[in-house]
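Working through the structure, step by step
The primary structure of each chain is shown beneath.
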Amino acid sequence: MSNEDLKNFSFPPETAKFLSELDSLELAWLSGFCWAKAKNQSGSLNANLPQVNETSINTVIEPLSVTILSASQTGNAKSVASKLAERLKAEGIQAKLVSAKDYKAKTIADERHLFLVTSTQGEGEPPEEGVVLFKLLNGKKAPNLNNLEFAVLGLGDSSYPKFCQAGKDFDQRFAELGGKRLLDRVDADLDFTPTAEQWIEQVVSLLKQKNSQAQPSVQIAKTVNSASESTSIYTKENPFEAPLLTNQKITARQAEKDVRHIELDLAGSGLHYTAGDALGVWFENDPALVAEIVSTLHLNPDENVEVAGKTLSLSQALQKHFELTQNTPAFVKQYAELSGSRKLSSLIKDNEKFTAYVQNTPLVAVLNDYPTKKLTALQFISLLRPLAPRLYSISSSQAEVGEEVHLSVGVVRFEHNGKLRSGAASSFLADRAEEQGSVRVFVEKNENFRLPSDPSKPIIMIGSGTGIAPFRAFVQQRAAEEAEGKNWLIFGNQRFTQDFLYQTEWQQFAKDGFLHQYDFAWSRDQEQKVYVQHKILEQAELVWQWIQQGAYLYVCGDASRMAKDVENALLEVIATQGKLSSEDAEEFLNELREQKRYQRDVY
């Protein structure tokens, strides 16, 4: 081609459009690629073509196309994924960091190197933001992943029988669909930091090796970081000492449930929250429980032990630093070995009986059931997990309450072998934290449970028990903004006269025009139990109308039963009212989830 021909040359429209969308770096890559391709095919370059600096081409290496995906329920998975991205960046490895809530599930087939960090919720289920991807992988339209190389880190709580089950399921499904493991799956317990850091180093080492072997290519990888981290000085590691303003029981004296309305003062903290967020609460164990454990094990409460580089008495260590109310399979197995109990060791061999025993037996009851004098203080604390904060859905809007934060706390109380037992954090807030005393707290963002950005959109809020908490915040926020969108509350509890949480407030919202529809399910007020899912089915036609009008659906409460029953009811409404097959109804609900129009905060 002559120089004159070059001057008059023009690209076809499709090529011109493609080139116009490239930036300068991408154009440079394309130019170099074409140059190298031409040289490889002909052995030399046409003398009439412009000369290109060969050195610049030979030193350009294709960065790996790496995606780091977090599926987080409380933010832990997201934080680990962010740390991995930072480490890779420090090593010059480009990566795309994305939260599952922002991830287009169908693009999984285009991935080449995927690193998934996922938590587990409910009965071994993926976190809410990972549900769409999980359903795709396990559905009829599951993609071929033959080109995928992956690694999975699962975060969980070993006190639950299906420990890290979401991570196990994702890992297995990736492999079943053709993916190749870069690393074996790793499972991390509540004290996940050491395990996560070791996994991160393994990933970085592996990718550094793969990156050094990368070849020149036209593909360009760009770093995308979708995470925006909070810069608040008060965090999980550095909680704020919030004065306790109010501790009020809001169920009747004779009610089976003890629910507390808690108000805390955030003045001077700089902490901010959005309706839908959770509050992390650090607590101390019940001194009476500590004393019982020490006595049962025949230990000296004043004996010094080392905890996190500090010397504390055994009683202080147990009260402030270790989990004492959540039993785990690991604890029982290790206790059986150290105590030398033949009966307990025999029980462990029967997997079904062992699982039931762990689930139904408090940690202290294990010590009472199989007493021993063999354990030292150090041996005992080596069996325990570090204390972890509890998260509670915030039940207030800052637009309404200013520098306060409100919680709706169901106090866990139960009897075991004739002794009254209590939940650690809930009993701390209800029984041991004193008004005008302080509680150590931090805000845990929940981007997966948010009001629609368009205030004209209708919302349907479905919850039972203390699942009403975020909906109180939602309606407070809508009222403060004078949002024109309609609000519908479907709430369930045991009895109208004893368990109608925030009754007068809901009545006032209705009177003021901010609660347009409400349905209540009182399960114990009649012979046949009525739950929120029954109310959904009763109002099927209206629910479908609201959905067609663009309504956002929110579910909050128990994950194992209520949330599943509600989802089944919604699928039935969609199928019958929309005249869809069960498969199409499932697809419809998944589309609502992807559009952020179906959000759940379940536990």
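Structural data are supplied above this passage.
Residues numbered from 1 in each chain as written. Predicted model: local features only at pLDDT ≥ 70, side-chain atom pairs only at ≥ 80, totals over all residues. Heavy atoms only, no water.

1. Focus on the sheet that holds strand 17 (residues 438-444)
Pairing is antiparallel across the open sheet formed by six strands, whose spatial order is 13-10-17-8-9-14. With one partner strand each, in any of the chains shown, strand 13 (390-393) and strand 14 (404-410) form the two edges of the open sheet. Strand after strand, the sheet turns through a mean of 40 degrees between neighbouring axes, direction not considered. Alignment of strand 8 (residues 240-249) against strand 17, held across four bridges, turns out to be antiparallel. Paired with Phe240 across the strands is Val441, a residue of strand 17. (Pairing = 2+ DSSP bridges. Helix = DSSP H or I, 4+ residues; strand = E, 2+ residues; numbered from the N terminus. Axes fitted to C-alpha atoms, helices over the stretch in contact; angles between N-to-C directions.)

2. Details of the environment of Leu116
Along the polypeptide, Leu116 turns up in strand 3 (residues 113-118). Judged by its relative accessible area of 1%, Leu116 is buried. Taking the C-alpha atoms as reference points, Leu116 and Gly154, 38 residues apart in sequence, are found 8.2 Å from one another. Discounting chain neighbours no more than four positions away, the residues touching Leu116 are Leu69, Ala71, Ala151, Val152, Leu153, Phe170, Phe174 and Trp199. (Buried < 20%, exposed > 50% of the residue type's maximum accessible area, 1.4 Å probe, protein only. Contact = heavy atoms within 4.5 Å.)

3. As for the packing of aromatic side chains
Scanning the entire structure with this criterion turns up 22 aromatic pairs. Aromatic side chains Phe134 and Phe170 sit 5.4 Å apart centroid to centroid with 80 degrees between the ring planes, which places their arrangement in the edge-to-face category. Of the two residues, Phe134 is situated in helix 6 (residues 131-137) and Phe170 in helix 7 (residues 165-176); the sequence distance between them amounts to 36 residues. Comparing Phe134 with Phe170, the two get one shared label, buried. Each member of the aromatic cluster is reached from another via a ring pair, and the members are Phe491, Phe496, Phe500, Tyr518, Phe520 and Trp522. (Phe/Tyr/Trp six-rings, centres within 6.5 Å; stacked < 30°, edge-to-face > 60°.)

4. Quick word on unusual backbone geometry
Most peptide bonds take the trans configuration, and most residues that are not glycine carry a negative phi. The backbone of Ala308 shows a phi angle near 50 degrees, a positive value even though the residue is not glycine. Secondary-structure assignment places Ala308 in the loop between strand 11 (304-307) and strand 12 (310-313). Even without a glycine there, the phi angle at Lys596 is positive, about 65 degrees. Within the fold, Lys596 resides in the loop between helix 24 (582-594) and strand 22 (598-602).

Functional significance is not addressed by these values, which are geometric in nature.
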